[in-house]
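Residues per chain, in single letters:
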Amino acid sequence: MIDLIEVFDRAETGPLTSETDYYMKRYVPKLAEVIARYGIKWDKQTIVNTDDELTDNVFSAAVDLLAEAGAYCPETNRVMEFTRDEILTACAQAPTSATFGEGRERKAMRGRRPDTTDDRPWVHVGGGIYTTDEQVFVDTVEKMASFSIVDSVSVPSILHIRGKDARVRSPQEVLATIKTVRLAREGILRSGRVGLPIINGISAASQPASMFAATYPDFGLRPSDGFLIDFLSEMVVGYEALQKVAFYNTIGANIGSTSTPLFGGYAGGAEGVAVTATCYMIMGNLIMRGTYHYNAPLHSKLHLSSTKPLIWAIALSNAAVGRNMGYPMVNLPYLGGGSGTKQYHYEMACYMLAVVTSGGNVFSGHPAMAVQPDSLVPDDHRFHAEIGLAAARLTRAEAEPICQKLFPLFGDKLKEPDKGLTFQEVYDPRTKRIVNADYQRVMDEVREELAGMGLEVPVS
Amino acid sequence: MGDDGIFEELKQSVIDQDEEKVLATVDKALAAGVDARKVIDDGLLPGLDVIGEQFECEEIFLPELMQAALAFQSAMAVLEPKIRESGGEGPKKGRIVLGTVKGDLHSIGKNILRLLFETSGYEVWDLGIDVDLFKFIDKAKEVDADIIAMSALLTTTLIGQKDVIDALGEQGLRDKYRVMVGGGATTEEWAQKIGADGWAPSAYEAVTLAARLVGAQAGSAA
Ligand code: B12
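Residues numbered from 1 in each chain as written. Chains lettered and ligands numbered in written order. Predicted model: local features only at pLDDT ≥ 70, side-chain atom pairs only at ≥ 80, totals over all residues. Heavy atoms only, no water.

### Remarks on helix H4 (residues 84-92) of chain A
Residue and element names in this part refer to chain A.
Then comes step 1: All buried positions along H4 are accounted for by Glu86, Ile87, Ala90 and Cys91. Looking straight down H4, one finds its buried side chains confined to an arc of 135°; they lie on one side. Pointing more than 90 degrees away from the buried face of H4 are the exposed residues Asp85 and Ala92.
Then comes step 2: The elements touched by buried residues of H4 are helix H1 (4-13), helix H3 (52-69) and helix H9 (270-286). (Buried < 20%, exposed > 50% of the residue type's maximum accessible area, 1.4 Å probe, protein only. Helix = DSSP H or I, 4+ residues; strand = E, 2+ residues; numbered from the N terminus. Arc of directions from axis to C-beta. Contact = heavy atoms within 4.5 Å.)

As structure tokens, this is what we get:
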């Protein structure tokens, strides 16, 4: 694989182009071209693709896209170009497992192949959702970490300092970021699983300075946690991201390459998202030097990932990478329904069935498009992890009919999703037990309905 | 060919997002003596309306929207000097200064907004992302803007919208511009709380809002 400094150099030596020209003369036409070249087409009905000729074509199209369009660096206004050989070598040498955590909790997340029914996927729960209160923050993390099936957590963010939200890039943000990390480790410690990894490092940081500051070892993060590095809009690799790559790569930390291709944005529709999402995983390894990928395609207007074309595209990108590269990946589901609603559970089940059978690991969903504060309700995440583990015993062909039954239960609600609950509305603040009987009842009912559809979800 | 034919052709060339055809049809219309303003108002803009609707219904996506906007801009480069030569008024509906507030790097929603504003006939100054509050104000003064539009996606950058509104107040400029806010982290209540003139949940609705605000602006000036 070409070395890291060489990758950085490509951002200085590639062809000079404006961002608009990069999109309109390179990415957009090339994407259309590779989609046509490989005959990639969504039939507007399927949720879980089982046609592996199509799967492999998506991978080939993604390789061609990167080889022919390149990535774009806005700081230097240059296209980062890579030859097909360089790309294919990087794919062949991509990590196929990432080791996280310490002590008893030290384990490997593996890249999975579609239709593997005899392994146990990695189980990741949580989300970088904003919390309003330090106690709620610690309780949320403690509770999520205490579920024995959980292998890693994403922790929420808490951004206020002395009752006021820290402004982005202010010195207070640096302090708030450090606080987030310290409180998160404290919550994990209280769960009795101190070595459990946090793999959405670092949720409260909006800039490299805050991220680096909070990485100082005394604050509780370690290289065996995971640090997310994002692409800036489609195919764009900014200097801030490359600064993070330079740092986290040098301390030998797990890097989670992260991408959010947008349905309806430059990537266009289902086919464009499938190819672009796959391309991001290729770039995540080659450019970001990731050990795992956070795959988060979403809808540009609805801000969620549970529409039919999106679930199809996300699952397909998992299968394409699972069959052709083996890079470990989790998918970050943005769901419409609020916490504790039936809609939310149905969306999650449909998404989970599609992605886990297609080679993804288990990652519980972000409710209400993740913009509702305090909306991480840990027992939702336990239930969703259980659904994920149940889905892992099925093949894609077995998952598809269940997905087709689930989709009508929420499809029409995506434009106006059901409102959900907050942590405070579900738990007793002292015992951290569920005190909202409706919350428990809804979950039990959905578990029964899923069994009726052919997905038995055992309680963990 | 009758007038209607040429307008239909202009409109269709925009819907087809075909820059060459747009330019050729504009030339043809001008050669036939059609007034440059009419080329815009009765030919190109109705085409862009259709494009906006298609985008809203997900029949087309961002690349097609951009292609149509680029074709429109090329046509405007030809038409604007003609309008000025004949001493005509600028064809724009209003002037909008747009940006994502300080500290916020989210650009996608704002870019969609810019395209829809442009394709609806507004003149837009896009200040980009991470925009300093004085940049909003200075640019608004410089171009005599009707509207300042600010996007914010993070809970921690929302405050940047309030900062601009407060600064306008402190400088005695608050009544001079209509201020609209939006973006993932915003809500209608927030917009009211900080004293913005309007809020919209999507770019499509932001265009309707802009029309309302510019109308109100004209009304209050009268
Ligand atoms: C893409 C994305 C990114 C990309 C941005 C790429 C880019 N070039 O824009 C990247 C990866 C860089 C990014 C970074 C971060 N992000 Co971000 N990001 C998103 C994501 C996934 C989608 C946002 C988006 O583009 N939506 C699509 C566009 C079209 O929607 P929109 O912007 O809302 O715009 C529409 C309307 O709101 C409206 N509109 C927009 N602006 C305006 C303005 C006016 C005046 C009007 C009237 C209307 C209007 O019109 C638009 C079109 O219809 C959201 C998740 C989500 N659920 O939304 C998170 C999200 C916004 N990000 C979040 C966070 C936390 C971050 C980071 C801090 C993460 C980190 N720790 O590094 C950084 C912050 C960097 C910074 N300083 O800004 C959080 C915000 C939480 C909160 N409430 O504060 C979200 C919600 C994700 C989450 N919780 O999991 N992000």
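Structure shown, so let's carry the discussion forward.
### Thoughts on the interface of chain A and chain B
Then comes step 1: Across the boundary between the two partners, chain A contributes 21 residues, which contact 20 residues of chain B.
Then comes step 2: Carbon and sulfur atoms make up 67% of the surface buried where chain A meets chain B, a total of about 2000 Å² over both sides.
Then comes step 3: Broken down residue by residue, the surface that chain A buries against chain B is led by A:Met24, A:Tyr266 and A:Lys301, which jointly contribute 27%.
Then comes step 4: Across the chain A-chain B interface, the total number found is two salt bridges.
Then comes step 5: One salt bridge in this structure joins A:Arg167 and B:Asp163, with 2.5 Å as the shortest N-O distance.
Then comes step 6: Each residue belonging to the side of chain A that touches chain B can be placed in one class, and the counts come to nine nonpolar, seven polar and five charged. (Buried area = accessible area lost by both parts, 1.4 Å probe. Salt bridge = Lys/Arg side-chain N within 4 Å of Asp/Glu carboxyl O. Nonpolar A, V, L, I, M, F, W, Y, C, P; charged D, E, K, R; others polar.)

### Observations concerning the environment of B:Arg37
Residue and element names in this part refer to chain B.
Then comes step 1: Topologically, arginine 37 is positioned in helix H3 (residues 36-56).
Then comes step 2: Overall, arginine 37 belongs to the partly exposed group, its relative accessible area being 26%.
Then comes step 3: Along the chain, arginine 37 and glutamate 80 lie 43 residues apart, while their C-alpha atoms are 8.7 Å from each other.

### Quick look at the pairing of strand E10 (residues 254-259) of chain A
All names here are of chain A.
Then comes step 1: Within E10, six of the six residues are buried, which leaves the element mostly enclosed by the surrounding structure.
Then comes step 2: Judged by which residues are buried, E10 turns out to be covered on both faces: Asn254, Gly256 and Thr258 on one side and Ile255, Ser257 and Ser259 on the other are all buried.
Then comes step 3: Relative to E10, strand E9 (residues 226-230) is paired through five bridges, and the arrangement is parallel. For aspartate 230, the partnering residue across the bridge sits in E10 and is threonine 258. (Pairing = 2+ DSSP bridges.)

### A few points about the sheet that holds strand E6 (residues 152-154) of chain A
Sheet strands line up and pair through hydrogen bonds in the backbone, either parallel or antiparallel.
Residues and elements named next belong to chain A.
Then comes step 1: Overall, parallel pairing links the three strands, which are arranged E6-E5-E15 in an open sheet. Every interior strand has two partners, whereas the edge strands, E6 and strand E15 (362-363), have only one.
Then comes step 2: Sheet topology places strand E5 (residues 123-126) next to E6; three bridges connect them, and they run parallel. Within the sheet, the bridge partner assigned to glycine 126 lies in E6 and is serine 154.

### A look at the sheet that holds strand E5 (residues 198-199) of chain B
All names here are of chain B.
Then comes step 1: Taken in spatial order, the five strands of this open sheet run E2-E1-E3-E4-E5, and their pairing is parallel. Edge positions in the sheet fall to strand E2 (123-126) and E5, since each has one partner strand and no second.
Then comes step 2: Judged from the five bridges that link them, strand E1 (residues 95-100) and strand E3 (residues 147-151) form a sheet pairing that is parallel. If you follow leucine 98 over to E3, its bridge partner there is alanine 149.
Then comes step 3: Contacts between helix H6 (residues 133-143) and the sheet are confined to E1, E2 and E3, with E1 contributing the most and set at about 165° to the helix. (Axes fitted to C-alpha atoms, helices over the stretch in contact; angles between N-to-C directions.)

### Here's the deal with the packing of H9(A) against helix H10 (residues 308-324) of chain A
Think of two packed helices as two axes; the pair is described by the angle between the axes and how far apart they sit.
Residues and elements named next belong to chain A.
Then comes step 1: Between H9 and H10, the least distance of the axes is 8 Å, while the angle of their chain directions is 35°. The chirality of how H9 crosses H10 is right-handed. In this structure, H9 uses Ala270, Glu271, Val273, Ala274, Ala277, Thr278 and Met281 to contact H10, whose residues at the interface are Pro309, Leu310, Trp312, Ala313, Leu316, Ser317, Asn318, Ala320 and Val321.
Then comes step 2: Of the residues assigned to the contact of H9 with H10, the class counts are twelve nonpolar, three polar and one charged. (Left-handed = near helix turned anticlockwise from the far one by under 90°.)

### Description of the site of the ligand
Then comes step 1: Around the ligand there are 43 residues in total, and A:Ala205, B:Leu105, B:His106, B:Ser107 and B:Thr155 lie nearest to it.
Then comes step 2: Measuring from a nitrogen atom of the ligand, one finds a side-chain N or O atom of B:Thr155 at 2.7 Å.
Then comes step 3: The element contributing the most residues to the shell around the ligand is helix H5 (residues 108-119) of chain B, with four residues.
Then comes step 4: Broken down by class, the residue content of the shell around the ligand amounts to 24 nonpolar, 17 polar and two charged. (Near = heavy atom within 4 Å. Polar contact = N/O pair within 3.5 Å; in protein donor to acceptor, adjacent residues only side chain to side chain.)

### A closer look at the nonpolar core
Then comes step 1: A:Tyr27, A:Val275, A:Ile287, B:Leu44 and B:Phe117 are the most contacted members of the largest nonpolar core, which has 210 residues in total.
Then comes step 2: Counting the residues that make up this core, at least three belong to each of domain 1 (3-87) and domain 2 (94-221) of chain B.
Then comes step 3: Residue contacts for A:Tyr27: discarding those within four places in its chain leaves A:Tyr22, A:Leu65, A:Ala69, A:Glu234, A:Met235, A:Tyr266, A:Ala267 and A:Thr276.
Then comes step 4: In terms of nonpolar packing, the next biggest core, distinct from the first, is built from 25 residues, B:Leu127, B:Val164, B:Ile165 and B:Ile194 among them. (Core = buried A, V, L, I, M, F, W, Y, C linked by side-chain atoms within 4.5 Å. Domains from an automatic or database assignment.)

### A short note on the coordination of the cobalt atom of the ligand
Perfect tetrahedral coordination of a metal by four donors corresponds to 109.5 degrees between them, and perfect octahedral coordination by six donors corresponds to 90 or 180 degrees.
Then comes step 1: From the protein, the cobalt atom of the ligand takes a single donor atom, B:His106 (NE2), 2.3 Å away.
Then comes step 2: Along the chain, B:His106 falls in the loop between E1 and H5. (Donors = N, O, S within 2.8 Å, 3.2 Å for Na, K, Ca; no water.)

### A few points about the packing of H3(B) against H5(B)
Residue and element names in this part refer to chain B.
Then comes step 1: At a minimum axis separation of 9 Å, H3 and H5 run at an interaxial angle of 150°. Taken as axis vectors, H3 and H5 run roughly antiparallel relative to one another. Listed contacts from H5 to Leu45, Leu48, Gly52 and Phe55 of H3 are Ile112, Leu116 and Thr119.
Then comes step 2: For the contact of H3 with H5, the per-class residue count stands at five nonpolar, two polar and no charged. (Parallel < 35°, antiparallel > 145°, perpendicular 65-115°, else oblique.)

### Focus on helix H4 (residues 62-85) of chain B
Then comes step 1: With 24 residues, H4(B) should reach 34 Å at 1.5 Å per residue; the first-to-last C-alpha distance of 34 Å fits that figure.
Then comes step 2: Where H4(B) bends most, at B:Ala77, the angle is about 30°, and the proline B:Pro81 comes one to four residues later. (Expected span 1.5 Å × (residues − 1). Bend = angle between axes of the 7 residues up to and from the residue.)

### Thoughts on the environment of B:Ala203
All names here are of chain B.
Then comes step 1: Residue placement: alanine 203 occurs in helix H9 (residues 203-221).
Then comes step 2: Sequence separation of alanine 203 and leucine 113 is 90 residues, and the distance between their C-alpha atoms is 4.9 Å.
Then comes step 3: With residues up to four places along the chain from it excluded, the contact list for alanine 203 reads Ile112, Leu113 and Leu116.

### A look at the domain arrangement of chain B
Residue and element names in this part refer to chain B.
Then comes step 1: For chain B, the domain assignment lists domain 1 (3-87) and domain 2 (94-221).
Then comes step 2: Averaged C-alpha coordinates put domain 1 and domain 2 at centres separated by 26 Å.
Then comes step 3: In total, about 970 Å² of surface goes out of reach between domain 1 and domain 2, with carbon and sulfur atoms giving 75% of it.
Then comes step 4: Where domain 1 meets domain 2, there are one residue pair in polar contact (both at pLDDT 80 or more).
Then comes step 5: Mapped by element, the contributors of at least two residues to the side of domain 1 that touches domain 2 are H3 and H4.
Then comes step 6: Its residues assigned to classes, the side of domain 1 that touches domain 2 comprises eight nonpolar, two polar and two charged.

### A look at the environment of A:Ile402
Residue and element names in this part refer to chain A.
Then comes step 1: Looking at where isoleucine 402 falls in the secondary structure, it is placed in helix H13 (residues 396-410).
Then comes step 2: With a relative accessible area of 5%, isoleucine 402 lands in the buried category.
Then comes step 3: Note: C-alpha distance between isoleucine 402 and leucine 450 (48 residues apart in sequence) is 8.6 Å.

### A look at the pattern of salt bridges
Residues and elements named next belong to chain A.
Then comes step 1: Taken as a whole, this structure holds 45 salt bridges over all chains when the rule is applied.
Then comes step 2: Of the charged contacts in the structure, one is a salt bridge between lysine 179 and glutamate 134, with a shortest N-O distance of 2.8 Å. Separated by 45 residues along the polypeptide, lysine 179 in helix H6 (residues 171-190) and glutamate 134 in helix H5 (residues 134-146) bring together distant segments of the chain.
Then comes step 3: Looking at lysine 179, the relative accessible area reads 16%, which means it is buried.
Then comes step 4: Salt bridges sharing common partners tie together Lys30, Glu33, Arg37, Asp64, Glu68 and Arg84.

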